[in-house]
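In case you want the letters, here they are:
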Number of protein chains: 2
Amino acid sequence: MSQDGVGIDLEASVGYALKEASSALRTAMEEVLRPLGMNVTHYSCLELLAQRPGLSNSELARGAFVTRQAMNVLLQTLERDGYVTRPDAAPVGRALPTRLTPRGRRRLEKASAAVRTVENRMLAGINDTEQALILRALRQMTQSLHETTGPTNP
Amino acid sequence: MSQDGVGIDLEASVGYALKEASSALRTAMEEVLRPLGMNVTHYSCLELLAQRPGLSNSELARGAFVTRQAMNVLLQTLERDGYVTRPDAAPVGRALPTRLTPRGRRRLEKASAAVRTVENRMLAGINDTEQALILRALRQMTQSLHETTGPTNP
DNA sequence: TGACTCATGTCAACAGTATGACATAGATTG
DNA sequence: CAATCTATGTCATACTGTTGACATGAGTCA
């Protein structure tokens, strides 16, 4: 169509649309989280801990799509401010299981409500069957990308 | 299902799946662009210029989802290295129309081919009708998020 | 047992990007 | 026409996250 011999047609590119949507989602989330003094990584960390208590620093990093070094400094802040706790010594191996404090849970509740409104707005014009289809497709895409990229890179 | 009273079920969240896919795409792109000495913003800038020559710094920034300040420093590098050119004075207003040099176009060709393989891999298990559906849905989601967020923020 | 591999936590240095601020050009409005 | 508003380019600064490196704990295998 508007192809020009070189390059990828951005208007028709699923990749570009994906980045567009993801960027809009991140911006919208940051907008509602800012008044609560949080950013997206912040929130992701607490949300992960609520659903899977005892996650280690490295596991949290993977779940929030940042490096374990970045998650480490975040956890130090969250721990200092009393939102999460980690044991002084590792019960097994080197992994320190992290848990939400009651204070952290209260903080998360506000943030989670805000994020939920964003996700609802995002999905406003899309019915349930379409949502299920999109979810399946996004998972498929993620898996395809990881297959020849991440774990076993020939 | 795995809902816990507080929080959003990450396993069932379209937002999380979106972030997952977007993160996997970015990682895969960075992997193939690194050998060429480029990153994603780098590539996005050149790709935008190939399709819409004469774009200004601010327009490029919006297209690549970064601030105009970030795009500005990138453009200075690209200009210094001879991949793009900008007139010394603005023909109208303050906007400086940017263009690819032949050298920049050659550079883009390599990068674009690499990125195309990534996008193809991502869409491997998804047929054309599904792709069209996803494209439509992603656009819809982006638009819904911008409606009450970006331009006119009540 | 000892050597190897792998994952983890953490430190230091670096890169990329965002935030804040300012001056300038054009459009809008009274 | 003058005042105001909006968009742009660019600087200086701060922050967030990445890359690179190291030591430690736990499995694996000969």
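Since this is a predicted model, take the numbers as computed values, not measurements.

What counts and how
Residues numbered from 1 in each chain as written. Chains lettered and ligands numbered in written order. Predicted model: local features only at pLDDT ≥ 70, side-chain atom pairs only at ≥ 80, totals over all residues. Heavy atoms only, no water. Core = buried A, V, L, I, M, F, W, Y, C linked by side-chain atoms within 4.5 Å. Buried < 20%, exposed > 50% of the residue type's maximum accessible area, 1.4 Å probe, protein only. Contact = heavy atoms within 4.5 Å. Salt bridge = Lys/Arg side-chain N within 4 Å of Asp/Glu carboxyl O. Polar contact = N/O pair within 3.5 Å; in protein donor to acceptor, adjacent residues only side chain to side chain. Helix = DSSP H or I, 4+ residues; strand = E, 2+ residues; numbered from the N terminus. Nonpolar A, V, L, I, M, F, W, Y, C, P; charged D, E, K, R; others polar. Expected span 1.5 Å × (residues − 1). UniProt positions renumbered as here; feature names shortened; annotations may be inferred. Near = heavy atom within 4 Å.

Asks: A description of the nonpolar core should follow, citing residues and the corresponding values.
Replies: Within the largest apolar cluster, 86 residues are counted, with the highest numbers of intra-cluster contacts made by Leu18(A), Leu138(A), Leu18(B) and Leu138(B). Excluding its chain neighbours within four sequence positions, the residues that come into contact with Leu18(B) are Leu18(A), Ala21(A), Ser22(A), Leu25(A), Met122(A), Leu138(A), Leu138(B) and Met141(B).

Asks: Can you break down the interface of chain A and chain B residue by residue, with the values?
Replies: Of the residues lining the interface, 66 residues belong to chain A; the matching set on chain B comes to 67 residues. Across the contact surface, chain A and chain B share 3 salt bridges. Two residues, Glu11(A) and Arg52(B), come together in a salt bridge whose shortest N-O distance is 3.4 Å. Summed over the shared surface of chain A and chain B, the number is 17 residue pairs in polar contact (both at pLDDT 80 or more). Counting residues per element, the ones that place at least two in the side of chain A that touches chain B are helix H1 (14–33), helix H2 (40–51), helix H3 (57–64), helix H5 (102–122) and helix H6 (128–147) of chain A. Residue contributions to the side of chain A that touches chain B peak at 15 residues, all from H1(A). Residues of the side of chain A that touches chain B, tallied by class, amount to 30 nonpolar, 19 polar and 17 charged.

Asks: Give a detailed account of helix H1 (residues 14–33) of chain B, specifying residues and quantitative values.
Replies: A rise of 1.5 Å per residue sets the reference length of H1(B), with its 20 residues, at 28 Å; its end C-alpha atoms lie 28 Å apart and thus fit the reference within 8%. The residue sitting at the N-terminus of H1(B) and contributing the capping side-chain oxygen is Ser13(B); that oxygen lies 3.2 Å from the backbone nitrogen of Gly15(B).

Asks: How would you sum up the UniProt feature "domain: HTH marR-type" (unreviewed entry) in chain A? Please name residues and give values.
Replies: The feature "domain: HTH marR-type" (unreviewed entry), as annotated in UniProt, sits at residues 11–143 of chain A in this numbering. With 68% helix and 3% strand, the stretch residues 11–143 of chain A has end C-alpha atoms that lie 24 Å from each other.

Asks: Give a detailed account of the protein's contact with DNA strand D, specifying residues and quantitative values.
Replies: The environment of DNA strand D is formed by 21 residues, the closest being Thr41(A), Thr67(A), Arg94(A), Ser58(B) and Arg68(B). Those atoms of DNA strand D that come within 4 Å of the protein belong to sugar or phosphate at a rate of 53%. Contact distances for DNA strand D include 3.5 Å between a base nitrogen and a side-chain N or O atom of Arg68(A). Within the contact set of DNA strand D, a phosphate oxygen lies 3.2 Å away from a side-chain nitrogen or oxygen of Gln76(B). Those elements giving two or more residues to the surface near DNA strand D turn out to be helix H4 (68–80) of chain A together with helix H3 (57–64) and helix H4 (68–80) of chain B. Considering every element that reaches the surface near DNA strand D, the biggest residue donor is H4(B), with 4 residues. Looking at the surface near DNA strand D residue by residue, the classes come out as 4 nonpolar, 10 polar and 7 charged.

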